[in-house]
Amino acid sequence: MTLHKQQEAICQELGDRAGLQAIYGNQALILKAWGRLEEAMALHKREEGICQELGDRIGLARSYGNQALILHKLDRLEEAMALHKREEAICQELGDRAGLQRSYGNQALIFQDWGRLEEAMALHKQEEAMCRELGDRAGLASSHGNMALLLQQQGRIPEARILAAGALAIFRELNMPRETEQAQQLLDSLSE
């Protein structure tokens, strides 16, 4: 954060709006990781404003997505979904398939929180197809883990086990320890 603050000062001195936008976004991600969600949201709003000013549609979609994730953590689901929909529209407009699959996955989690499991599953399946298309193995594993959780909620344990085992294998292959542990815990819960 100290280095980002130094960069911020330099960008302000130089009038580098694009650099400032990126720095605000990075600082916001750090604040979110620290649990300082309101401060993170304020920086994402500044980032959003600069993206709009510069016409940076990719940055704007990213900012909307990050703001939506914070709102989701704050249990402000309607607002989070509205921002994910804005993110989705920009990603479709730009042909950003990677951004679109992330947006679908995050929207699915909101539908899951609302108890709208069929809608959540439909979006996770779209996410899964895009991850396969893009060769995004980590995204595919996350999608499978989330679908396994949905199937577990629906009592469809054998199907959930297959997806959880697949997610676990991919996370191990990609050497992602935190995600591997989570997938193992999910698989263990499905075996009880």
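Residues numbered from 1 in each chain as written. Predicted model: local features only at pLDDT ≥ 70, side-chain atom pairs only at ≥ 80, totals over all residues. Heavy atoms only, no water.

## Section: the overall build of the protein
In step 1: Scanning the protein from N- to C-terminus turns up ten helices and zero strands.
In step 2: Secondary structure of the protein in N-to-C order comes out as α-α-α-α-α-α-α-α-α-α.
In step 3: When the backbone C-alpha atoms are referred to their principal axes, the protein occupies close to 60 × 30 × 30 Å.
In step 4: Counting every position in the protein, which comprises 192 residues, the buried fraction comes to 45%.
In step 5: For the protein, the share of sequence-separated contacts (at least 6 apart) that also reach a separation of at least 24 residues comes to 46%.
In step 6: For the protein, the accessible surface area stands at approximately 9,900 Å², while carbon and sulfur atoms represent 52% of it.
In step 7: Counting 22 positive and 29 negative side-chain charges, the protein places the averaged centre of each group 1 Å from the other. (Helix = DSSP H or I, 4+ residues; strand = E, 2+ residues; numbered from the N terminus. Buried < 20%, exposed > 50% of the residue type's maximum accessible area, 1.4 Å probe, protein only. Contact = heavy atoms within 4.5 Å. Areas by Shrake-Rupley, 256 points an atom, 1.4 Å probe, with all protein chains shown as cover. Lys, Arg positive; Asp, Glu negative; His and termini not counted. Charge placed at Lys NZ, Arg CZ, Asp CG, Glu CD.)

## Remarks on the side chain of Gln101
In step 1: Structurally, the position occupied by Gln101 is in helix 6 (residues 97-113).
In step 2: Beyond its immediate stretch of four places on either side in the chain, Gln101 contacts Glu127, Met130, Cys131, Leu134 and Asp136.

## Some words on the pattern of salt bridges
In step 1: According to the stated counting rule, one finds 13 salt bridges in the structure shown.
In step 2: A salt bridge links Lys45 to Glu48, with the nearest nitrogen and oxygen atoms 3.6 Å apart. With Lys45 and Glu48 both in helix 3 (residues 37-54), this residue pair falls three residues apart, about one helical turn.
In step 3: A relative accessible area of 44% places Lys45 in the partly exposed class. (Salt bridge = Lys/Arg side-chain N within 4 Å of Asp/Glu carboxyl O.)

## Brief notes about helix 2 (residues 17-33)
In step 1: Taking 1.5 Å per residue, 17 residues should reach 24 Å; helix 2 reaches 25 Å between its end C-alpha atoms and fits that length.
In step 2: The complete set of buried residues in helix 2 reads Gly19, Leu20, Gln21, Ile23, Tyr24, Gly25, Gln27, Ala28 and Leu31.
In step 3: Next to the buried residues of helix 2 lie helix 1 (2-14), helix 3 and helix 4 (57-73).
In step 4: Measuring from the side-chain oxygen of the N-cap residue of helix 2 to the backbone nitrogen of Ala18 gives 3.4 Å; that N-cap residue is Asp16.
In step 5: Phi turns positive one or two residues past the end of helix 2, at Gly35, with a value near 85 degrees. (Expected span 1.5 Å × (residues − 1). Polar contact = N/O pair within 3.5 Å; in protein donor to acceptor, adjacent residues only side chain to side chain.)

## Here we look at the packing of helix 8 (residues 137-153) against helix 9 (residues 157-173)
In step 1: In the contact formed by helix 8 and helix 9, the axes pass within 8 Å of each other and the chain directions differ by 155 degrees. Considering their axes alone, helix 8 and helix 9 lie roughly antiparallel with respect to each other. Note that helix 8 runs across helix 9; the crossing there is left-handed. Taken together, the residues of helix 9 that come into contact with helix 8 (itself represented by Arg137, Ala138, Leu140, Ala141, Ser142, His144, Gly145, Met147, Ala148, Leu151 and Gln152) are Ile157, Glu159, Ala160, Leu163, Ala164, Ala167, Ile170, Phe171 and Glu173.
In step 2: When its residues are assigned to classes, the contact of helix 8 with helix 9 shows 13 nonpolar, four polar and three charged. (Axes fitted to C-alpha atoms, helices over the stretch in contact; angles between N-to-C directions. Parallel < 35°, antiparallel > 145°, perpendicular 65-115°, else oblique. Left-handed = near helix turned anticlockwise from the far one by under 90°. Nonpolar A, V, L, I, M, F, W, Y, C, P; charged D, E, K, R; others polar.)

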